[in-house]
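Geometric and topological summary
In case you want the letters, here they are:
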Amino acid sequence: MITADLFAAISAPARRDEALCEGAVVLRGFALAGETPLLQAIADIAAQAPFRHLVTPGGLRMSVAMTNAGSLGWISDRRGYRYDPIDPDSGRPWPPTPPAFLQLADAAAAHAGFAGFVPDACLVNRYEAGTRLSLHQDRDERDMGEPIVSVSLGIPAMFLFGGLQRSDRPQRVPLAHGDVVVWGGPARLRYHGVLPLKPNHHAALGDVRINLTFRRAD
DNA sequence: AAGTAGCC
DNA sequence: TGAG
């Protein structure tokens, strides 16, 4: 079992943290210590709640394929964006969030200054070449005092980290396998997104990027 | 508008 | 032509 402390202890010597702004930081390679259990856990989740392309309220298909773990899952359809305890594709609850995920999320949040993070929602995003996520705010959660923890696995992506207004020009942040971004406090409502991915290959994951986003939704 | 098209 |  990889404990929260172990995540920090193993990965600390080789890492370099990069502040994006007050309340937001990139923890380079933070997720590398627990890599193998993470990959198995993702396969288990996808077996119970397969990846699917959600539809926006405007009726358009998102290029990112998504699934969820935890007591609440983020979904989108013609009725809007929301968290729901039931997978609409199966009628069953989302799979539980694996302990290794929760330990990683808590360790990363604590490292960024947000102690005691207990997420109830884990959104699992799958990107392939060409997949993008346009600039948006995470604003469907009840308590904006809780941070967001975002884990990158697989092929690299260019993360966009903007301001509190959509018109603010975003920073471009290259993210690689194992990088973790944490934002909260004054940065909690910053706009963010992902540029279209370039075709690429990762030894462990193949031609995809998996992003785990941890949130306290309720 | 968590999307896309269209235009510069 | 294509990134923005």
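Residues numbered from 1 in each chain as written. Chains lettered and ligands numbered in written order. Predicted model: local features only at pLDDT ≥ 70, side-chain atom pairs only at ≥ 80, totals over all residues. Heavy atoms only, no water.

What follows covers the environment of H136. By the secondary structure assignment, H136 is in strand β7 (residues 133-136). Each C-alpha atom of the pair H136 and V194 lies 9.9 Å from the other, and the pair is 58 residues apart in sequence. Excluding anything up to four places from it in sequence, H136 contacts R190, Y191 and H192. Within the structure, the side chain of H136 is placed 3.0 Å from the backbone oxygen of S134, a separation counted as a polar contact. (Helix = DSSP H or I, 4+ residues; strand = E, 2+ residues; numbered from the N terminus. Contact = heavy atoms within 4.5 Å. Polar contact = N/O pair within 3.5 Å; in protein donor to acceptor, adjacent residues only side chain to side chain.)

In this section: the nonpolar core. Counting residues in hydrophobic clusters, the biggest one holds 31 residues, and the most contacted among them are F101, V149, V151, V180, L212 and F214. Looking at this core, the elements with two or more residues in it are β2 (24-27), α2 (35-48), β3 (65-70), α3 (99-111), β6 (121-127), β8 (148-154), β11 (180-183) and β13 (209-215). In terms of residue count, the dominant contributor to this core is α3 (seven residues). Among residues more than four places away in sequence, those in contact with F214 are T97, F101, A105, F117, P119, A121, C122, P147, I148, V149 and V151. Counting residues in each nonpolar core, the second largest holds 28 residues, with L20, C21, A24 and W183 among its members. (Core = buried A, V, L, I, M, F, W, Y, C linked by side-chain atoms within 4.5 Å. Buried < 20%, exposed > 50% of the residue type's maximum accessible area, 1.4 Å probe, protein only.)

As a further point, take the environment of L175. Mapping L175 onto the fold places it in strand β10 (residues 171-175). On the accessibility criterion, L175 (3% relative accessible area) is buried. Sequence separation of L175 and L153 is 22 residues, and the distance between their C-alpha atoms is 9.0 Å. Excluding its chain neighbours within four sequence positions, the residues that come into contact with L175 are V26, R28, S152, P156, A157, F159, V181 and R209.

Turning to α2, a few remarks are in order. Here α2 spans 21 Å end to end across 14 residues, near enough to the 20 Å set by a 1.5 Å rise per residue. When we look at burial in α2, the residues that qualify are L38, A41, I42 and I45. The buried side chains of α2 occupy one side of the element, clustering within an arc of 105° when seen end-on. For α2, the exposed residues set more than 90 degrees away from the buried face come down to T36 and A47. As for α2, its buried residues are in contact with β3, α3, β8 and β13. (Expected span 1.5 Å × (residues − 1). Arc of directions from axis to C-beta.)

All right, on to the protein's contact with DNA strand B then. Surrounding DNA strand B, one finds 13 residues, the nearest of these being T56, Y81, S134, H136 and R166. Here DNA strand B approaches the protein such that, of its atoms within 4 Å, sugar and phosphate make up 69%. Residue L135 places a main-chain N or O atom 3.5 Å away from a phosphate oxygen belonging to DNA strand B. Within the contact set of DNA strand B, a phosphate oxygen lies 3.0 Å away from a side-chain nitrogen or oxygen of R166. The residue inventory of the surface near DNA strand B, partitioned by class, reads five nonpolar, three polar and five charged. (Near = heavy atom within 4 Å. Nonpolar A, V, L, I, M, F, W, Y, C, P; charged D, E, K, R; others polar.)

Summarizing the sequence annotation, UniProt attributes the feature "binding site: 2-oxoglutarate" (unreviewed entry) to N125, R126, Y127, R209, I210, N211, L212, T213, F214 and R215 in the numbering used throughout. Here Y127 shows up in strand β6. On the basis of relative accessibility, which here comes to 2%, the residue Y127 falls in the buried class. Apart from the residues within four sequence positions on either side, Y127 is in contact with V64, R132, L133, V194, L197, D207, V208, R209 and N211. Position of R215 among the secondary structure elements: in strand β13. When neighbours within four sequence positions are excluded, R215 is seen to be in contact with Y83, F117, P119, D120, A121, L123, D138, E141 and I148. (UniProt positions renumbered as here; feature names shortened; annotations may be inferred.)

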